[in-house]
Amino acid sequence: MAHAAIAEPQLRGPQAARANAVECVGVVKRFYLYEHRTTTLQEFALRTILRRPPPARSATFQIHRLDLCVAHGESIALVGANGSGKSTALRLMAGIYPPTEGRIVVRGRLVAVLELGATFQPELTGAENVELYAAALGFSRREIAVRYPEVVAFADIGDFMQVPVKYYSSGMRTRLAFAVAICADPDILLLDEVLAVGDESFRGRCLTRLARYHAAGGTLIVVSHDLWTIRQLCSRVVWMENGEVRMTGEANTVLDAYEAAASRAG
Amino acid sequence: MLPDLWRHRELLSRLVVRNLKMRYQRSVLGFVWTLLNPLATIVILVMVFHYIIRIGVAEYWAFLVSGYFAWVFLQHTVATSAGVITDHSYMTRSLAFPAEILVLSSVLARLVEYLAELAIVVVALVVFHHHGIPVSMLLLPVIIVIHVLLAIGLAMPIAAAAVFFKDVQHAVPVGLMMLGYLAPVYYPLSLVPERFRTVYLLNPVAAVLALYHEILYEGRLPSPMLLVGSAALATVVCVIGVGLFRRQRALFAEII
């Protein structure tokens, strides 16, 4: 069962209340870990001819079961220990890879900022990368030209826009990636640990901009370890553990429980 | 798939421009340099096939140029497409977009080069070989479409395979070279014994090249069977190739 990204325009009026921005129904995600994966054609051919068995692999379920509905305009956070499946869930929603089982439905334009600006080509300059990224998100030449100054202003990396991205610090990369994402004005915004990087001033600007985004009806899904920021931004929190949803509900309630469990364990 | 591609046309055009820029930005002579290489090869091939082997083809140079660049286009397309997904892993890993765009950008970039070369070839043939413009040349756009379909059909599965197998990029040039000998690149179709000719033409590359020779070198309209047959073969290869690519596409982000 595949990932279905329905690029419907935003629903208006009473219909919007019924439709969800993102739906994960019965989602399971399994990855295979290979002790030794066949990486050359040579090996593959030999193996086939000599009728050797395929290399041993073990299955790891990053997501055992995920049922999640995010309504339009909601602001939610995924929290949990490392390896609990939060980032995998985000990537599934972003359509990076399909779920092993289950169905994911996305209604509206979705932009995800994952992996600290990994969407950039290191050899290209910041400016070139912004244009390429924007084009990859589906913007036309004119739209890119219109939004470009805003991106530059928000990222605030000055002359570095004309420097190849490989010379950027991770903070600069994140700022640029986030700037493009937020200026793209998507219907749904996914952020993976983005808010952790960057100084106070940047974080402040991010929060302000995200508040504006939320007020305008944008849907926000973040993964973060920064619980304080989550309390500021999000109304609902989903606590994931071992690839399943352990608890979901009002932000403060879930976060209190999460923190309590963490201090018990530590 | 097609509406998806239309939505991403801006990305596609940027990737094509970037692909072409990267090839030429470092060379002083630019495009002229990429012409000199095949030109030098053609001179040597004419010397070998016309003067040494004495292949017996009238105005061998005209025969050779009418198909050689078409063959080179296929070679280059497959060669550059092989690495295109892994080269752009930064996109595949963190963005949801049709990876076919990457392969297509590679094909289109090589097509731009080929069309420029073809323009020069056509002019040379019109002036020095036909001394006029044969009507058959009007079919050129049709042949090019068939040609591009074939290129896509070959490039897609190879690009997908290269994601999983590191040595595809090395194995491909070898395989292509062999395919080149089984197609009328250096020798005309007429030299292939009649009883083998039908099987020989089942090789879509051979069929397309035969078409080019007919309309460019011979200056006559190709037989409808050759035209339709080639179109069918190219379409089949394209459909299968793209199909194979799409089957593996979901796994790209997990492997890279």
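Source: prediction; values computed, not measured.

### Re the overall build of chain A
The helix and strand tally for chain A stands at 9 helices and 10 strands. The C-alpha radius of gyration of chain A comes to 20 Å, within 12% of the 18 Å expected for a compact globule of 266 residues. Expressed as lengths along the three principal axes of its C-alpha atoms, the size of chain A is roughly 60 × 45 × 45 Å. The 266 residues of chain A split such that 48% are buried. Taking the intrachain contacts of chain A between residues at least 6 apart in sequence as the baseline, contacts between residues at least 24 apart amount to 73%. Looking at chain A as shown, the accessible area adds up to about 12,600 Å², and 54% of this sits on carbon and sulfur atoms. Charged side chains in chain A number 29 positive and 27 negative. The centres of these two groups are separated by 6 Å.

### Points about unusual backbone geometry
What is expected of a backbone is that most residues other than glycine have negative phi and most peptide bonds are trans. Residue and element names in this part refer to chain A. The backbone of Asp-156 shows a phi angle near 55°, a positive value even though the residue is not glycine. Assignment of secondary structure puts Asp-156 in the loop between helix H5 (141-155) and helix H6 (170-183). Residue Asp-156 is classed as partly exposed on the basis of its relative accessible area, which comes to 48%. In the Ramachandran plot, Asp-185 falls in the positive-phi region, its phi being about 50° despite a non-glycine side chain. Here Asp-185 shows up in the loop between H6 and strand E7 (188-192).

### Digging into the side chain of A:Arg209
All names here are of chain A. You can see Arg-209 is positioned in helix H7 (residues 200-215). We classify Arg-209 as buried; its relative accessible area is 12%. Here the side chain of Arg-209 touches Glu-150 through a polar contact of 2.6 Å, side chain to side chain. Excluding residues that lie within four positions of it along the chain, Arg-209 makes contacts with Glu-150, Phe-154, Ile-182 and Cys-183.

### Overview of the pairing of strand E10 (residues 244-250) of chain A
Across 6 bridges, the pairing between strand E9 (residues 236-241) of chain A and E10(A) is antiparallel. Among the inter-strand pairings, A:Glu241 is bridged to a residue of E10(A), identified as A:Glu244.

### A word on the pattern of salt bridges
Residues and elements named next belong to chain B. Scanning all chains against the criterion turns up 22 salt bridges over all chains. Across the pair Arg-249 and Glu-100 runs a salt bridge, and its minimum N-O distance is 3.0 Å. Taken together, the positions of Arg-249 in helix H12 (residues 224-249) and Glu-100 in helix H7 (residues 100-130) put the pair 149 residues apart, joining distant regions of the chain.

### Notes on the packing of helix H11 (residues 204-218) of chain B against H12(B)
Residues and elements named next belong to chain B. Two numbers describe how H11 lies on H12: the axes approach to 9 Å, and their chain directions differ by 140°. As the angle between them shows, H11 and H12 are arranged oblique. Considering only the axes of H11 and H12, their crossing is left-handed. Here Pro-204, Ala-207, Val-208, Ala-210, Leu-211 and Glu-214 of H11 lie close against H12, whose contacting residues are Leu-226, Leu-227, Ser-230, Leu-233 and Val-237.

### A look at the interface of chain A and chain B
In this assembly, 33 residues from chain A lie in contact with 25 residues from chain B. Interface of chain A and chain B: buried area, both sides summed, is about 2,600 Å²; carbon and sulfur atoms make up 60% of it. Across the contact surface, chain A and chain B share 4 salt bridges. Here A:Lys29 ties to B:Glu254 by a salt bridge, and the two come within 2.9 Å at their closest N and O atoms. Across the contact surface, chain A and chain B share 6 residue pairs in polar contact (both at pLDDT 80 or more). Among the elements that make up the side of chain A that touches chain B, the one with the highest residue count is helix H4 (residues 126-136) of chain A (6 residues). Here the residues of the side of chain A that touches chain B sort into 18 nonpolar, 9 polar and 6 charged.

### Comments concerning the pairing of strand E4 (residues 75-79) of chain A
Residue and element names in this part refer to chain A. Among the 5 residues that make up E4, 5 are buried, leaving the element largely enclosed by the rest of the structure. Burial along E4 is two-sided: the face carrying Ser-75, Ala-77 and Val-79 and the face carrying Ile-76 and Leu-78 are both buried. Relative to E9, E4 runs parallel, the two being bridged by 4 bridges. If you follow Ile-76 over to E9, its bridge partner there is Arg-236.

### What to know about the state of the cysteines
Here a disulfide denotes one covalent bond, and it connects the sulfur atoms of two cysteines. Residue and element names in this part refer to chain A. Summed over the entire model, instances satisfying the criterion amount to 0 disulfides over all chains. The cysteine Cys-24 is free of any disulfide, with Cys-69 supplying the nearest cysteine sulfur at 7.9 Å. Of the cysteine sulfurs around Cys-183, a residue in no disulfide, the closest is that of Cys-206, at 11 Å.

What counts, and where the lines are drawn
Each residue is numbered by its place in its chain's sequence as written, counting from 1. Written order decides the labels, with chains lettered from A and ligands numbered from 1. For this predicted model, a pLDDT threshold of at least 70 governs which residues receive local features, and a threshold of 80 or more governs which side-chain atom pairs are given and counted, while totals over whole chains, interfaces and linings are taken from all residues. Side-chain measures were taken over the full set of non-hydrogen atoms in the model, leaving aside hydrogen atoms and water. Helix and strand definitions follow DSSP, with helices as H or I runs of at least four residues and strands as E runs of at least two, each counted in order from the N terminus. Atoms counted for the radius of gyration: C-alpha only. Globule rule: 2.2 Å times residue count to the power 0.38. The cut-offs for exposure are 20% and 50% of the maximum accessible area for each residue type, with area from a 1.4 Å probe on protein chains only; residues under the lower value are buried, those over the upper are exposed, and the others partly exposed. The contact rule is simple, with two residues in contact once any of their heavy atoms fall within 4.5 Å. Under the convention used here, a 1.4 Å probe and the Shrake-Rupley method define accessible areas, while residue burial counts only the protein chains that appear. For the charge count, each Lys or Arg is scored as positive and each Asp or Glu as negative, with His and the chain ends excluded. In plain terms, the charge of a residue is placed at NZ if it is Lys, CZ if Arg, CG if Asp and CD if Glu. Within 3.5 Å is the distance limit for a polar contact, defined as a pair of N or O atoms, with the added protein rule that one can donate a hydrogen and the other accept it, and that residues adjacent in sequence qualify only through two side-chain atoms. What makes two strands pair is DSSP finding at least two bridges between them. The working definition used for a salt bridge is a side-chain nitrogen of Lys or Arg within 4 Å of a carboxyl oxygen of Asp or Glu. Whenever a helix is involved, its axis is fitted only over the stretch in contact; in every case the axis is a line through C-alpha atoms, and angles between N-to-C directions fall within 0 to 180 degrees. The cut-offs work like this: below 35 degrees is roughly parallel, past 145 is roughly antiparallel, 65 to 115 is roughly perpendicular, and the gaps in between are oblique. Should the near helix be turned counterclockwise from the far one by less than a right angle, the crossing is left-handed, whereas a clockwise turn marks it as right-handed. Two parts placed together each lose some accessible area; with a 1.4 Å probe, that loss summed over both constitutes the buried area. In this count, Pro and Cys sit with the nonpolar residues alongside Ala, Val, Leu, Ile, Met, Phe, Trp and Tyr, while Asp, Glu, Lys and Arg are called charged and the others, Gly among them, polar. For this text, the term disulfide refers to a pair of cysteine sulfurs within 2.5 Å.

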